[in-house]
Amino acid sequence: MEDRSTHCTFDSNLLNKSKQKLFALRLEHRPHRDMRASTHIALVARAFGMDGIFFSGVPDTRLCERINNVTKNFGGDFLIETGCDWKKVIKSWLRQDGEVIHLTMYGLPLPEVIDKIRNSSKDKLVVVGGPKVPPEVYSFATHNVSITNQPHSEIAALAVFLDHYYEGREFYFEFKNAKIRIIPSKNGKRITV
Ligand SMILES: C[S@@+](CC[C@H](N)C(=O)[O-])C[C@H]1O[C@@H](n2cnc3c(N)ncnc32)[C@H](O)[C@@H]1O
């Protein structure tokens, strides 16, 4: 049987669980060209409190292993799946009454829509693009949201979105079953293992 954490088995029952879900979808991952950016997107998603991330594009076992190793050491539950069909993931999400938030420099400014997004109790799928975003993504999205109307980066866009969404609470999130914990310190590095 295939390891669930390495290829896309997008499970629409994810949305039936009681807690509100927050997932990311990164479009069209290319293992060689995008390894660094994709790793950073997944690390931001995990560190800022998302439940998991889906990547469309080419399946990538190494990317999953890297992120799963971080989760093993630093704790929490975080799902990563690659090789997903982006349209299936988005349509399935919407069918199950989840919302799709597409981050794009063409969207409405984040400060104008963040309260409405935060106050909705629906599960959320936050979509960030790669080199090209299919035009349908704009029409499938419940919200097209801009983090300024200047072009920059999917990593920065996701981080700023999540910081506004959680209003800074991500600084205090606890990650259960962590093997390594950082003790904030003024000088040097303090960790507990
Ligand atoms: C390198 S950009 C590619 C932009 C691409 N030309 C497009 O069609 O949107 C990759 C991704 O970064 C994110 N991004 C870049 N600038 C953004 C901004 N100002 N606001 C929100 N998201 C942004 C978007 O998710 C975008 O798809």
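This write-up is about the structure you can find in this document. (Residues numbered from 1 in each chain as written. Predicted model: local features only at pLDDT ≥ 70, side-chain atom pairs only at ≥ 80, totals over all residues.)

Contact pair helix H1 (residues 31-47) / helix H2 (residues 61-74): the axes reach a minimum separation of 10 Å and the direction vectors enclose 25°. As the angle between them shows, H1 and H2 are arranged roughly parallel. Once H1 is placed against H2, the crossing between them reads as right-handed. In this structure, H1 uses Pro31, Met35, Ser38, Thr39, Ala42, Leu43 and Arg46 to contact H2, whose residues at the interface are Leu63, Arg66, Ile67, Val70 and Thr71. Here the contact of H1 with H2 is composed, by residue class, of seven nonpolar, three polar and two charged. (Axes fitted to C-alpha atoms, helices over the stretch in contact; angles between N-to-C directions. Helix = DSSP H or I, 4+ residues; strand = E, 2+ residues; numbered from the N terminus. Parallel < 35°, antiparallel > 145°, perpendicular 65-115°, else oblique. Left-handed = near helix turned anticlockwise from the far one by under 90°. Contact = placed C-beta atoms within 7 Å. Nonpolar A, V, L, I, M, F, W, Y, C, P; charged D, E, K, R; others polar.)

In this section: the site of the ligand. Close contacts around the ligand come from 15 residues, with Met105, Val128, Gly129, Glu154 and Ala157 the closest. Among the secondary structure elements, those contributing two or more residues to the shell around the ligand are strand S4 (99-109) and helix H6 (154-166). Ranked by the residues each element gives to the shell around the ligand, the list is headed by S4, at three residues. Along the lines of polarity and charge, the residues of the shell around the ligand split into seven nonpolar, seven polar and one charged. (Near = placed C-beta within 6 Å.)

With 13 residues, H6 ought to run about 18 Å at 1.5 Å a step, and its terminal C-alpha atoms sit 18 Å apart, in line with that. Three or more residues of H6 are buried, namely Glu154, Ile155, Ala157, Leu158, Ala159, Phe161 and Tyr165. Tucked inside the fold, the buried residues of H6 contact strand S1 (22-29), H1, S4, helix H4 (110-119), strand S5 (124-128) and strand S6 (143-146). (Expected span 1.5 Å × (residues − 1). Buried ≥ 20, exposed ≤ 12 C-beta atoms within 10 Å, placed from the backbone.)

Such coordinate-based values are descriptive only and should not be taken to indicate function.
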